[in-house]
Amino acid sequence: FAGASVSAFKESEDSAARLQDAFAKFPALADSNVASFGKLNEALAKKTRFDDDATASGQAVLAQFGLTGQQIEQLTPLLQDYAAKTGKDLPSAADALGKAMLGKGRALAEIGIKFKDTGDLAGNFDQVMGGLRSQVGGFATKEGATAAGKAEILKNQFGELQETVGSKLMPVLLTLTDWLLKVIDFFANLNPGIQ
């Protein structure tokens, strides 16, 4: 359990770092913040099979396509719906939707959306949002209400507990690692005749 908790904490830190990096690199996100994304992701994690860390990773991918923070917040539930319907992980689904924002919406045909590039990001965003609402809107929440979906949600909530435990174990592990490195250095630096 301890090892799994440390791994869960590392994964959580990694997805948080990706999202924070996106906020630092992409000024279009300035109309939102990491905390509002976090609240949204936690709320969705209680209704869908996607945990908050996976959602944050998908949002970080979407940021690369020039969307504003508000647009990403609006798109996030539909991103989960699209991913659930197509069987893609969230970063892959975000990449497909991001490409559609840039005018390359071929991947949307697999869910019945006839995409036509409007020539600008705002027009493509509106078209993608409308298409997703009509074709997959609410799918991830419906899937989350099934027995299998509830089992995944429970698993994710257990993962949240592991992340919390991992965050407490990590400082102890780092201290222990520092101490062990000093012991190894001590023995490595002994006079060869003493070893």
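Refer to the structure presented above.
Here goes a summary of the coordinates provided. (Residues numbered from 1 in each chain as written. Predicted model: local features only at pLDDT ≥ 70, side-chain atom pairs only at ≥ 80, totals over all residues. Heavy atoms only, no water.)

**Examining the pattern of salt bridges**
Working step 1: For the structure shown, the criterion picks out four salt bridges.
Working step 2: K25 is the salt-bridge partner of D21, the closest N and O atoms lying 3.4 Å from each other. Highlighted residues: D21 and K25, both in helix 1 (residues 2-25), separated by four residues, approximately one helical turn.
Working step 3: Under the relative-accessibility criterion, D21 is labelled partly exposed at 36%.
Working step 4: Residue K88 pairs with E110 through a salt bridge whose shortest N-O separation is 3.0 Å. Placement of the pair is K88 in the loop between helix 4 (69-86) and helix 5 (90-101) and E110 in the loop between helix 5 and helix 6 (121-136), with a sequence separation of 22 residues. (Salt bridge = Lys/Arg side-chain N within 4 Å of Asp/Glu carboxyl O. Helix = DSSP H or I, 4+ residues; strand = E, 2+ residues; numbered from the N terminus. Buried < 20%, exposed > 50% of the residue type's maximum accessible area, 1.4 Å probe, protein only.)

**So, the nonpolar core**
The nonpolar side chains of soluble globular proteins are, as a tendency, buried together.
Working step 1: The biggest cluster of nonpolar side chains holds 37 residues, and the ones touching the most others in it are L62, L75, Y82, L97, L108, V128 and L132.
Working step 2: Mapped onto this core, the elements with two or more residues apiece are helix 1, helix 3 (52-63), helix 4, helix 5 and helix 6.
Working step 3: Those residues in contact with V128, other than ones at most four positions away along the chain, are L97, A100, M101, L108 and F115. (Core = buried A, V, L, I, M, F, W, Y, C linked by side-chain atoms within 4.5 Å. Contact = heavy atoms within 4.5 Å.)

**Focus on the packing of helix 3 against helix 5**
Each pair of packed helices gets described by two things: the angle between the helix axes and the distance between those axes.
Working step 1: In contact at an axis separation of 8 Å, helix 3 and helix 5 are set at 25° when each is read in the N-to-C sense. When the axes of helix 3 and helix 5 are compared, the pair comes out roughly parallel. Along this stretch, helix 3 crosses helix 5, giving a crossing that reads as right-handed. In this structure, helix 3 contributes A54, T55, S57, G58, V61 and L62 to the contact, and helix 5 contributes L90, P91, A94, D95, L97 and G98.
Working step 2: Of the residues assigned to the contact of helix 3 with helix 5, the class counts are seven nonpolar, four polar and one charged. (Axes fitted to C-alpha atoms, helices over the stretch in contact; angles between N-to-C directions. Parallel < 35°, antiparallel > 145°, perpendicular 65-115°, else oblique. Left-handed = near helix turned anticlockwise from the far one by under 90°. Nonpolar A, V, L, I, M, F, W, Y, C, P; charged D, E, K, R; others polar.)

**So, the packing of helix 3 against helix 4**
Working step 1: Interhelical geometry of helix 3 versus helix 4 gives an angle of 125° and a closest axis separation of 10 Å. Taken together, helix 3 and helix 4 sit at an angle that is classed as oblique. Judged by the sense of rotation from one axis to the other, the crossing of helix 3 with helix 4 is right-handed. Across from T55, G58, Q59, L62 and A63 in helix 3, the residues of helix 4 making contact are I72, L75, T76, L79 and Q80.
Working step 2: Here the residues of the contact of helix 3 with helix 4 sort into five nonpolar, five polar and no charged.

**With respect to helix 2 (residues 34-45)**
Working step 1: Between its first and last C-alpha, helix 2 extends 16 Å over 12 residues, near the 16 Å set by a 1.5 Å rise per residue.
Working step 2: Burial in helix 2 covers these residues: F37, N41, L44 and A45. An end-on view of helix 2 places all buried positions within 100° of arc, on one side of the element. Turned more than 90 degrees off the buried face of helix 2, the exposed positions are A35 and K39. (Expected span 1.5 Å × (residues − 1). Arc of directions from axis to C-beta.)

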